[in-house]
Amino acid sequence: PAQIGRYKVYIIDEVHMLSTAAFNALLKTLEEPPAHVKFILATTEVHKLPATILSRCQRFDFRRVSPEAMKERMEYIAEKEDLILDEDAVSLISRISDGGMRDALSLLDQCIGHDRHVTSEIVCRVAGMTGKDHLFSLASTVSNKNSAEALSLISDLHASSCDMERLCTQLIDHYRNLMIIRSVKQPEGLIVCTAAELKQLEQQAMTPEQIVSAMEALGF
């Protein structure tokens, strides 16, 4: 029995990571739970949970935190901790964290470890968003149908230990961003990038047909 209060509460975070054997062991407890015990199963990938587990749970779906609420919270923390947060840095953290307040605060904490004046440049460096020039270069060679230069760029990236599978994923994201730029009047809230990168995307000459063709080729 609980020593303080009526219940013992067990929180299993990232529950979708449990093995099949672990889920089977947990299922027995969920079928006949002790009266004084409550389980809270937390996950962002509910589709990975077995149906037998889901059918024995009461489900609560939480909404993503709005960028405005994130901004307000981070500015409150900055005031209390005597930090300087640039406006564009806060906006970038909000977009990168994609509605996850924990992720936003974790990223902010890492940025503070570099400098107590948090700029968008620091956010980019900490989040691994720097060094995207090769994506613009590769997309340009594809647009210009310059296969020799494209192969040369890929060879240089491979020689510098670039992960080719990750490069394909990054290129797909790059073309997705180009498509958003071509299709949406105000793309800022849909693309995670700096203001300078957004301007580069807007200036990169490419037709929707070329973008779709490239994405289809990279998807296979």
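Residues numbered from 1 in each chain as written. Predicted model: local features only at pLDDT ≥ 70, side-chain atom pairs only at ≥ 80, totals over all residues. Heavy atoms only, no water.

Draft legend 1. Inspection of the overall build of the protein at higher detail. Across its full length, the protein holds 11 helices and 4 strands. Here the C-alpha atoms of the protein give a radius of gyration of 23 Å, more than 25% beyond the 17 Å that 2.2 N^0.38 yields for 220 residues. Principal axes of the C-alpha set define a box for the protein whose edges measure 70 × 45 × 35 Å. In the protein, which comprises 220 residues, the share counted as buried stands at 28%. Within the protein, counting contacts between residues at least 6 apart in sequence, those at least 24 apart form 63% of the total. Roughly 14700 Å² of accessible area belongs to the protein as shown, and the carbon and sulfur atoms make up 53% of that amount. Distance between charge centres in the protein, computed from 23 positive and 31 negative side chains, equals 8 Å. (Helix = DSSP H or I, 4+ residues; strand = E, 2+ residues; numbered from the N terminus. Rg over C-alpha atoms; globule rule 2.2 N^0.38 Å. Buried < 20%, exposed > 50% of the residue type's maximum accessible area, 1.4 Å probe, protein only. Contact = heavy atoms within 4.5 Å. Areas by Shrake-Rupley, 256 points an atom, 1.4 Å probe, with all protein chains shown as cover. Lys, Arg positive; Asp, Glu negative; His and termini not counted. Charge placed at Lys NZ, Arg CZ, Asp CG, Glu CD.)

Draft legend 2. Representation of the pattern of salt bridges in the model. Tallied over the entire structure, the rule returns 8 salt bridges. Arg102 is the partner of Glu14 in a salt bridge, and the nearest nitrogen-oxygen pair spans 3.9 Å. On the criterion of sequence distance, the pair formed by Glu14 in the loop between strand S1 (8-12) and helix H1 (20-31) and Arg102 in helix H5 (residues 101-114) is long-range, its members being 88 residues apart. Note that Glu32 is salt-bridged to Lys28, the shortest N-O span being 3.8 Å. For Glu32, a relative accessible area of 58% translates into the label exposed. Taken together, the salt bridges that share partners define one network made up of Asp13, Glu14 and Arg102. (Salt bridge = Lys/Arg side-chain N within 4 Å of Asp/Glu carboxyl O.)

Draft legend 3. Summary view of the pairing of S1. Looking at chain direction, S1 and strand S2 (residues 37-41) are connected through 5 bridges and run parallel. Pairing of Val9 across the sheet is with Lys38, part of S2. Handedness of the crossover joining S1 and S2 through H1 is recorded here as right-handed. (Pairing = 2+ DSSP bridges. Right-handed = clockwise from strand over helix to strand, strands pointing away.)

Draft legend 4. Inspection of helix H8 (residues 147-159) at higher detail. Taking 1.5 Å of rise per residue, the 13 residues of H8 would be expected to cover 18 Å, and the 18 Å separating its terminal C-alpha atoms lies within 8% of that figure. With its phi angle positive at about 70°, Ser161 sits one or two positions after the end of H8. (Expected span 1.5 Å × (residues − 1).)

Draft legend 5. Summary view of the packing of helix H4 (residues 87-97) against helix H6 (residues 120-127). With their axes 8 Å apart at the nearest point, H4 and H6 run at an angle of 30° to one another. Taken together, the axes of H4 and H6 are roughly parallel relative to one another. Each of Asp88, Ala89, Leu92, Ile93 and Ile96 in H4 lies in contact with H6, whose residues at this interface are Ser120, Val123, Cys124 and Ala127. A breakdown of the residues in the contact of H4 with H6 according to their chemical character gives 7 nonpolar, 1 polar and 1 charged. (Axes fitted to C-alpha atoms, helices over the stretch in contact; angles between N-to-C directions. Parallel < 35°, antiparallel > 145°, perpendicular 65-115°, else oblique. Nonpolar A, V, L, I, M, F, W, Y, C, P; charged D, E, K, R; others polar.)

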